[in-house]
Amino acid sequence: MLAARKVLSVRGADAAKLLQGLCSSDVHAWLGGDAPGLATAFLTNKGRVLADALFWRERDDGVLVDVAAAHAPRLLKHLKMYKLRAMVRLAE
């Protein structure tokens, strides 16, 4: 693992739904296919890029989010803000 990168874990029954609403890629189509990874960008509510990331499949219902280490704290805060009552566990 590169020191300039961080990996966040998004797991749970609503992980795909949460990510689908916050990023620029079609997460449901990716998870339904057989591609191992997906390049995407997380956007603010105004459509500005918050961070670019790579998604990787994790066992069961999880997605690993590979993001620049400098953007990881801000992205984790953004995910927690939109998590609300979703059945999702977020971790670094």
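In this report, we go over the structure that sits alongside the text. This one's a predicted model, so the numbers in the text were calculated from it and none came from an experiment. (Residues numbered from 1 in each chain as written. Predicted model: local features only at pLDDT ≥ 70, side-chain atom pairs only at ≥ 80, totals over all residues. Heavy atoms only, no water.)

**Description of the pairing of strand E3 (residues 49-58)**
Thought 1: Across 7 bridges, the pairing between strand E2 (residues 37-43) and E3 is antiparallel. Among the inter-strand pairings, glycine 37 is bridged to a residue of E3, identified as tryptophan 56.
Thought 2: Between E2 and E3, which pair antiparallel one after the other, the connecting turn spans 5 residues, and glycine 47 there sits at a positive phi close to 85°.
Thought 3: Inspection of the sheet shows E3 paired to strand E4 (residues 62-68) by 6 bridges, in the antiparallel sense. (Pairing = 2+ DSSP bridges. Helix = DSSP H or I, 4+ residues; strand = E, 2+ residues; numbered from the N terminus.)

**Section: the pattern of salt bridges**
Thought 1: Per the counting criterion, the structure on display carries 3 salt bridges.
Thought 2: Between aspartate 66 and arginine 5 there is a salt bridge; the shortest N-O distance is 2.9 Å. Residue aspartate 66 is found in strand E4, and its partner arginine 5 is found in strand E1 (residues 5-11); the two are separated by 61 residues along the sequence.
Thought 3: Among the ionic pairs, lysine 6 bridges to glutamate 92, the shortest N-O distance being 3.2 Å. With lysine 6 in strand E1 and glutamate 92 in the segment after strand E5 (89-91), this residue pair connects regions lying 86 residues apart in the sequence.
Thought 4: Given a relative accessible area of 35%, lysine 6 falls into the partly exposed group. (Salt bridge = Lys/Arg side-chain N within 4 Å of Asp/Glu carboxyl O. Buried < 20%, exposed > 50% of the residue type's maximum accessible area, 1.4 Å probe, protein only.)

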